Amino acid sequence: MLAVVDYGVGNLFSLTCSLRAIGAEAVVTGDEGVLARADRVILPGVGAFGDAAEALRASGLDRVVLREAKAGKPLLGICLGMQLLLDYGTEYGRHQGLGLIPGAVRAIRPVVPPAYKVPHMGWNALHFPKDRPVSPLFRYIQEGDCVYFVHSYAGMDCGEHTIAAAEYGPELTAAVARDNVYGVQFHPEKSGPVGLNILKAFCEL
Amino acid sequence: MIAKRIIPCLDVRNGRVVKGVNFQELADVDSPVELAKFYSGCGADELVFYDITASAEGRALFTDILRKTAECVFIPLTVGGGIRTVDDFDRVLKCGADKVSVNSGAVMDPSLISRAAKRYGDQCVVLSVDAKRVDGQFRVFAKGGREDTGLDAITWIKSGVKNGAGEIVLNSIDTDGVKDGFDLEMLSAVCDVVDVPVIASGGAGCVEHFVTLFETLPKVDAGLAASIFHFGEVSIPELKRALGEKGIPTRL
């Protein structure tokens, strides 16, 4: 069973539909016991980093997510859920993240050329680092496949934990991984067959 | 490099697609769900559903259609038509919409944009503008293009973006239905004043019109059309191939 962490932020309708479409048995839950019993966990999120980090802490689910991740359970953060996996975020002040993957979440405006619009919104191609094997998360997709992004902040300084990037002036972090913990900046649930194939690969990890 | 988006628009009334549709491949051409699946399968980057229903029963039917579409189509869905309140945003977002487009509702109450943006984020609020040349000015029209609001389109769009609109759909009434190409002059004037994505609408008649649009105005992010897609006059895979051959980035 796959558990989608419900900590009161965002609309999980599309995500649960996409999981159903790939045949995954998914429950949306904020219950510690259910999360503990799940085989794998998805951490979604929309909105601002600080609010979401606070909501996660207030619900006590930060502790549960950390415990399950450290126990080796596959964890996938999506969009803001990915950003929360990193050390800290700088949206409206500095806020602590879960620290499961090294890196910081910063505004992309200062790093992209002025002619590029922010938010980085739309379909962009994934590029995999050349010096490392392709992540198992991408076993069913190919270099250059497009996925759907909507974000104004991005993970930075993730180093060797970056498993995919998207060119937007500089390369922006599109996905990260460390051991059993994965994060994608884009929305696999809105990225057509490519996105479904990424979710499918996660369900097989 | 971000891909230029191609967006078919479906007008829905009482749960059925109303603009003529002509696909031999589809068993039920008037079903928004079937049409959405079809477009998604052939490479549409996003879908716009325009609800032109007036009655409450029709609205319920519409949200039901939206939910059924979102259950099986996994690309961004934008909903417009009759959005007057933040509750209208809530109603369609809960049924699977990703973005909500406001037009007359924002003209009647401009604070709708800022209130919705604050609640759901700028990326969720699309300002759709029907504009037409009047006395040497681009004028905003409301009520489906029937009513001259007296607002200057450029000023209106600038203030909309300032209030939190995350995307602009510019529909030129002057070129709409003429099939002689997008309104490059009007689009250019809008692109000059905003730094959010701009979606061109009105006037596309053939593949070349999209090529000209993206080559002439690199700041335009997407092209939207309805009947030329519905009647198969322009096929999306063919259109994307043509754009790709001209070096215009698309999602294949």
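Higher on the page you've got the structure.
These lines cover the structure that appears in this document, whether it is placed above or below. (Residues numbered from 1 in each chain as written. Chains lettered and ligands numbered in written order. Predicted model: local features only at pLDDT ≥ 70, side-chain atom pairs only at ≥ 80, totals over all residues. Heavy atoms only, no water.)

## Looking at the overall build of chain B
Spelled out, the test is: Counting from the N terminus, the helices are the DSSP runs of H or I reaching at least four residues and the strands are the DSSP runs of E reaching at least two. Radius of gyration means the value over C-alpha atoms here, while the globule rule gives 2.2 Å times the residue count to the 0.38 power. The contact criterion used throughout is that any non-hydrogen atoms of two residues lie within 4.5 Å. Shrake-Rupley sampling with a 1.4 Å probe provides the accessible areas, and residues are treated as covered by the protein chains on show and by no other component. Note that His is not counted, nor are the chain ends; the positive residues are Lys and Arg, and the negative ones are Asp and Glu. We put the charge of a Lys on NZ, of an Arg on CZ, of an Asp on CG and of a Glu on CD.
The helix and strand inventory of chain B stands at ten helices and eleven strands. For chain B, whose C-alpha radius of gyration is 17 Å, the value lies close to the compact-globule estimate of 18 Å for 252 residues. In chain B, once contacts between residues fewer than 6 apart in sequence are set aside, the share between residues at least 24 apart is 65%. Carbon together with sulfur atoms contributes 49% to the accessible area of chain B, which is approximately 9900 Å² in total. One way to put it: in chain B the 29 positive side-chain charges average out to a point 4 Å from where the 36 negative ones average out.

## Some words on the sheet that holds strand β13 (residues 181–184) of chain A
Residue and element names in this part refer to chain A. Keep this limit in mind: Criterion used throughout: strands pair if DSSP finds at least two bridges between them. Note on geometry: axes are lines fitted to C-alpha atoms, helical ones only across the stretch in contact, with angles between N-to-C directions running from 0 to 180 degrees.
An order of β2-β1-β3-β4-β13-β12-β11 is seen for the seven strands of this open sheet, with the pairing classed as mixed. The sheet is open, and its two borders are formed by β2 (26–29) and β11 (162–167), each paired with just one other strand. Shown here is a sheet whose adjacent strand axes are inclined to one another by a mean of 20°, direction ignored. For strand β1 (residues 2–5) and strand β3 (residues 40–43), the ladder comprises three bridges, and the chain directions are parallel. Pairing of Val 4 across the sheet is with Ile 42, part of β3. Contacting β1, β2, β3 and β4 (75–78), helix α1 (residues 13–21) runs over the sheet at an angle of about 170° to β1.

## Some thoughts on the packing of helix α1 (residues 32–41) of chain B against helix α2 (residues 56–70) of chain B
Residue and element names in this part refer to chain B. This is how it is decided: Handedness of a crossing follows from how the near helix is turned relative to the far one, being left-handed for an anticlockwise turn of less than a right angle and right-handed for a clockwise one. Under the scheme applied, nonpolar residues are Ala, Val, Leu, Ile, Met, Phe, Trp, Tyr, Cys and Pro; charged residues are Asp, Glu, Lys and Arg; polar residues are all the others, including Gly.
With their axes 9 Å apart at the nearest point, α1 and α2 run at an angle of 30° to one another. Crossing handedness for the pair α1 and α2: right-handed. Two secondary-structure elements touch here, α1 through Pro 32, Val 33 and Ala 36 and α2 through Ile 65, Lys 68 and Thr 69. Tallied by class, residues from the contact of α1 with α2 come to four nonpolar, one polar and one charged.

## Comments concerning the sheet that holds strand β7 (residues 104–107) of chain A
Residue and element names in this part refer to chain A. Strand order in the open sheet formed by four strands is β6-β5-β7-β10, with mixed pairing between adjacent strands. One side of each edge strand has no neighbouring strand; the edge strands of this open sheet are β6 (95–96) and β10 (153–156). Here β7 pairs with β10 via four bridges, running antiparallel. Bridging from a neighbouring strand, Ala 107 pairs with Tyr 153 of β10.

## Details of α1 of chain B
Residue and element names in this part refer to chain B. The test is simple: Only protein chains enter the area calculation, which uses a 1.4 Å probe; residues under 20% of their type maximum are buried, those over 50% are exposed, and those in between are partly exposed. As used here, the arc belongs to the directions running from the helix axis to the C-beta atoms.
Here α1 has its buried residues at Pro 32, Val 33, Leu 35, Ala 36 and Tyr 39. Projected down its long axis, α1 shows its buried positions confined to an angular sector of 165°, all on one face. Among the structural elements, β1 (5–13), β2 (16–17), β3 (47–51), α2, α9 (227–230) and α10 (236–245) are those in contact with the buried residues of α1.

## Some details on the interface of chain A and chain B
The condition that has to hold: Accessible surface is computed with a 1.4 Å probe, and the buried area is the amount of it that two parts give up when combined, taken over both parts together. The salt bridge criterion pairs a side-chain nitrogen of Lys or Arg with a carboxyl oxygen of Asp or Glu, the two atoms within 4 Å. Contacts described as polar in this section are N or O atom pairs within 3.5 Å, which, within protein, must combine one atom able to donate a hydrogen with one able to accept it, while residues neighboring in sequence count only if both atoms come from side chains.
Each partner contributes to the interface: chain A provides 27 residues, whereas chain B provides 30 residues. Here chain A packs against chain B, burying approximately 2200 Å² in sum over the two surfaces, 61% of which is carbon and sulfur. On the chain A side of the contact with chain B, Lys 117, Met 121 and Trp 123 of chain A bury the most area, a combined 35% of that side's loss. Put simply, chain A and chain B have two salt bridges between them. Across the salt bridge formed by Asp 221 of chain B and Lys 117 of chain A, the nearest N and O atoms sit 2.5 Å from each other. At the junction of chain A with chain B, the criterion picks out twelve residue pairs in polar contact (both at pLDDT 80 or more). Residue assignment for the side of chain A that touches chain B shows that the elements contributing at least two residues are α1, β8 (120–125), β9 (146–151) and α6 (192–203) of chain A. Considering only residue class, the side of chain A that touches chain B consists of 14 nonpolar, eight polar and five charged.

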